[in-house]
Structure formats: structure tokens, C-alpha cells
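# An overview of the molecular structure
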Amino acid sequence: MNFKKYKIMFWSAGILIALFLAYFLYQMTQSESINSMMTLIMLLLGLVLGGIIAFLISNKMSAAPVVITESSHTIAESMRKVFKVVSAEGHFNEIYNYEETTKIFNFIPSKKKALVIVQAKVLVGYDFEKFQWEVDEVNRKVKLLNFPAPQIISTETDYKYYNIEEQFFNLFSKDDLAKIQQNGKRQVIEAAKKSHLPEVAAEQMRTLLTELLAGKNFFLENANAISESKNQIEYNSINITDTSQTKAIL
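Residues numbered from 1 in each chain as written. Predicted model: local features only at pLDDT ≥ 70, side-chain atom pairs only at ≥ 80, totals over all residues. Heavy atoms only, no water.

### Regarding the sheet that holds strand S4 (residues 141–146)
The strand order across the open sheet built from 3 strands is S3-S4-S6, with neighbouring strands paired in mixed fashion. Sheet topology places strand S3 (132–136) and strand S6 (219–221) at the edges, where each strand pairs with a single neighbour. The sheet shows a mean angle of 25 degrees between the axes of neighbouring strands, taken without regard to direction. (Pairing = 2+ DSSP bridges. Helix = DSSP H or I, 4+ residues; strand = E, 2+ residues; numbered from the N terminus. Axes fitted to C-alpha atoms, helices over the stretch in contact; angles between N-to-C directions.)

### Looking at the packing of aromatic side chains
A complete count under the given rule lists 6 aromatic pairs for this structure. With 4.5 Å between their ring centres and 25 degrees between their planes, Phe83 and Phe128 make a pair best called stacked. In this pair, Phe83 is assigned in the loop between helix H2 (36–61) and strand S1 (84–104) and Phe128 in the loop between strand S2 (108–127) and S3, connecting sequence segments 45 residues apart. For Phe83, a relative accessible area of 48% corresponds to the partly exposed category. Overall, the relative accessible area of 15% leaves Phe128 in the buried class. When the ring of Phe131 is compared with that of Trp133, the centres are 6.3 Å apart and the planes differ by 75 degrees; the resulting orientation is edge-to-face. (Phe/Tyr/Trp six-rings, centres within 6.5 Å; stacked < 30°, edge-to-face > 60°. Buried < 20%, exposed > 50% of the residue type's maximum accessible area, 1.4 Å probe, protein only.)

### A few points about the pairing of S3
Here S3 pairs with S4 via 5 bridges, running antiparallel. Counted as the bridge partner of Val135 is Val142 from S4. The hairpin turn running from S3 into S4, its antiparallel successor, is 4 residues long, and Arg140 in that turn takes a positive phi close to 55 degrees.

In C-alpha cells, the structure reads:
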């Protein structure tokens, strides 16, 4: 936007208004029915006020841009090699109602509540470090000795807050919001564990291993161990990757 051009337009309009007021002032001072001194004072005040407004608008439009300074420090806490394969992805929408009731001075009831929509993407797969198998080179077979249950590898969550109701002496704190998000995430995890996601992950892993071994002319023995693992799902809240974001509070 060309601010210099708009400044010229504003000042031109101000000059025209000033000329019009001067002409109007001259006409009013020629009239005997109106107090000339009072009219002169009022018009001068209007002219000064108009000039101040034009000056403020001009300075506002030509103000310097906002300067934003950002800094960050990243510390790599730990790194290690892993061999985890994602074999299933699920998307969940959880409607979570939170309500807390307390009593002020032990007799005045106070309530706060919120409706939260939790949108989550859950990735389920396997940790190959937990696999145990036996290779028969002569008969070209691979026998699964121990096959772990599928595990939740990562979750990506978005939180949208709706219908927040709170009272003056019972407001939402940062700890309350953190607890709401934690409880909402826990509900999503439980929904993922009870869904068909572990079954999809197991069948996908069975197909993957079968095709990989077939490409090397090997046969997968005891493949039922993969299907049996779908009945359980591992979830480690310490090692899991969680990407959370709060989009809106309405």
C-alpha cells in the first residue's frame, strides 16, 4: 500500500475543508443575527480538531512496522537407533465434557465446565527389537518364536474448546486446561485400543513379513502369532511421541 499517496490525499482534503470553513466563517461574520465572536471561536475549534484528527490518521498510516524478535535454544537430550514400523493409522474425534463444581466458603456453589473436541491421529505399529525368530536355512523357513503386541507409536492431537462456562471465583487455570487435555487424550487412547486399529496393524504386518520373506524364497512359519497379538496393544506414555496443539478457545 502506498501510504505517501494516501497522506497527500488526506492533507489535500484537509486544506479544502479549511478553505470551506474560512469562506463559511466570512459569511457568518457578515450576518448581524448571529454572534460573530462565538461563531469564530466555534469554527476555529472545529478547524483545530480537524487538523489534529488528520495529523493522527497520517501518523498512524505512516507508522513504522512492528518489530518482532524471536529466539530459541534447542538441546538434544538423547538419541538412539530404533526400528519401529507403522502399520496402521487411525483418526478419532472425541467429544469430552469437563465439569467441576466446588463450594465457596463451604456453602456457595460454584461451577465451571467446558466442551472439548479432541481430534487425534494415532499411529500403531511394531518394534522390531522385540521380535524373536528362528531361521531354518535348509528348509527356507522363518519361525516366529515371540511376536510382540502392536503398540501405539505416536499420537497427534488438536484441542478445540467450545462452550466454556466459568465464574469469577472459579476460573480455568493452566493446570485445569492441562488436565483437560490429558484426560481427553486418555479417552482417545482407550478408544484406539478398543477399535479395529490393532487388528488392521496385525494384518498389515503379517502381509508385509510374508511378502518380504517370499521375495527371498523363505516361508513364514507360525504366522498365527501375528494375528494373536492383535488382541492386546501396548501403550507407553513415557516413550510415546505426542504432538499436541490447541487451535481455538471459543
